[in-house]
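An overview of the molecular structure
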Amino acid sequence: MSSPLQILVAKRTAATAAQLAELGQRLFHATYATQNRPEDMAAYEAATFGQELQLAELQDPNTVFLLAQLVQQVVGYAKLNVDSSLGLDPAKTPEKRLEIERLYVEEDWIGTGLGAALMRRAIEEARQQGCRAVVLGVWEKNERAREFYQRFGFKPAGEHTFTIGSDVQRDLILRKGL
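Worth saying up front: this structure is predicted, and the values here are computed from it rather than measured.

1. Notes on unusual backbone geometry
Despite not being glycine, Gln-72 shows a phi value in the positive range, around 65 degrees. As for its placement among the helices and strands, Gln-72 is situated in the loop between β2 (63–70) and β3 (73–82). The phi angle at Asp-83 is positive, at roughly 60 degrees, despite the residue not being glycine. Mapped onto the secondary structure, Asp-83 falls in the loop between β3 and β4 (97–105). Judged by its relative accessible area of 35%, Asp-83 is partly exposed.

2. Examining the side chain of Glu-106
Along the chain, the position of Glu-106 falls in the loop between β4 and α4 (114–128). With relative accessibility at 15%, the residue Glu-106 sits in the buried group. Within the structure, Glu-106 has its side chain in polar contact with the side chain of Arg-26 (distance 2.8 Å).

3. Brief notes about the environment of Ala-126
As for its position among the elements, Ala-126 is in helix α4. Residue Ala-126 is classed as buried on the basis of its relative accessible area of 0%. Separated by 28 residues in the primary sequence, Ala-126 and Leu-98 have C-alpha atoms spaced 5.8 Å apart. Residues in contact with Ala-126, not counting those within four places in the same chain, are Leu-98, Cys-131, Val-134 and Leu-178.

4. Re the pattern of salt bridges
The full count for this structure, using the stated rule, is 13 salt bridges. Residue Glu-39 is joined to Arg-37 by a salt bridge in which the shortest nitrogen-to-oxygen separation is 3.2 Å. With a shortest N-O distance of 3.1 Å, Glu-143 and Arg-146 are connected by a salt bridge. Of the two residues, Glu-143 and Arg-146 both sit in helix α5 (residues 143–151), three residues apart, roughly one turn of that helix. Salt bridges here are not isolated pairs; linked through shared partners, they connect Glu-57, Lys-79, Glu-101 and Arg-102.

5. Comments concerning the packing of helix α1 (residues 14–32) against helix α2 (residues 38–48)
Between α1 and α2, the shortest axis-to-axis distance is 10 Å and the interhelical angle comes to 155 degrees. Relative to α2, α1 is oriented roughly antiparallel. Considering only the axes of α1 and α2, their crossing is right-handed. When α1 is examined against α2, the residues Gln-25, Phe-28, His-29 and Tyr-32 are found in contact with a partner set consisting of Met-41, Tyr-44 and Glu-45. Residue composition of the contact of α1 with α2, by class: four nonpolar, two polar and one charged.

6. So, the nonpolar core
Ranked by size, the top nonpolar core spans 30 residues in total, and within it Ile-100, Met-119, Tyr-149 and Phe-154 carry the most contacts. For this core, the secondary structure elements donating two or more residues are β2, β3, β4, α4, β5 (133–139), α5 and β7 (167–177). Take this core: its biggest share by element is seven residues, from α4. Among residues more than four places away in sequence, those in contact with Met-119 are Ile-100, Leu-103, Leu-136, Phe-148, Tyr-149, Phe-152 and Phe-154.

So, how was this worked out
Residues numbered from 1 in each chain as written. Predicted model: local features only at pLDDT ≥ 70, side-chain atom pairs only at ≥ 80, totals over all residues. Heavy atoms only, no water. Helix = DSSP H or I, 4+ residues; strand = E, 2+ residues; numbered from the N terminus. Buried < 20%, exposed > 50% of the residue type's maximum accessible area, 1.4 Å probe, protein only. Polar contact = N/O pair within 3.5 Å; in protein donor to acceptor, adjacent residues only side chain to side chain. Contact = heavy atoms within 4.5 Å. Salt bridge = Lys/Arg side-chain N within 4 Å of Asp/Glu carboxyl O. Axes fitted to C-alpha atoms, helices over the stretch in contact; angles between N-to-C directions. Parallel < 35°, antiparallel > 145°, perpendicular 65-115°, else oblique. Left-handed = near helix turned anticlockwise from the far one by under 90°. Nonpolar A, V, L, I, M, F, W, Y, C, P; charged D, E, K, R; others polar. Core = buried A, V, L, I, M, F, W, Y, C linked by side-chain atoms within 4.5 Å.

Keep in mind that these numbers describe shape and distance, not what the molecule does.
What follows is the structure, encoded as structure tokens:
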């Protein structure tokens, strides 16, 4: 019997962009709204999850979106960037690194293994792309996510700022060698 969970590479279409815009905004809001000011959340969401921006990201050949689908319903996704410069010295070339820019799962599915399945598929994608490392940024206050990434062998590799509206926050950069 096959699993009802499918992790698919997103199609690069306007319909997928609309789906990602709604899903991304909703899941980001559900994750961070209680810890940030409403005006900062609104500004970030408007600047990050618009349908046109999602379509441009989908059409970028260095970006891959993975959709976690259960019974025809998307319940999570990951945005991956090939050849990312996250955490690199500006003088170095970013080739052979995959960044997990977003990995979001519907609240009802957290703790079920869905996020782990997305992570395993993201790491598989990195290997398929010939990457030597996977990197990501995680908010220093997001303990649950930090513990999740640690279970997959990610280690601290630096930090950078992440701005939500007018609030400048600190993200930890984590790295996993392949």
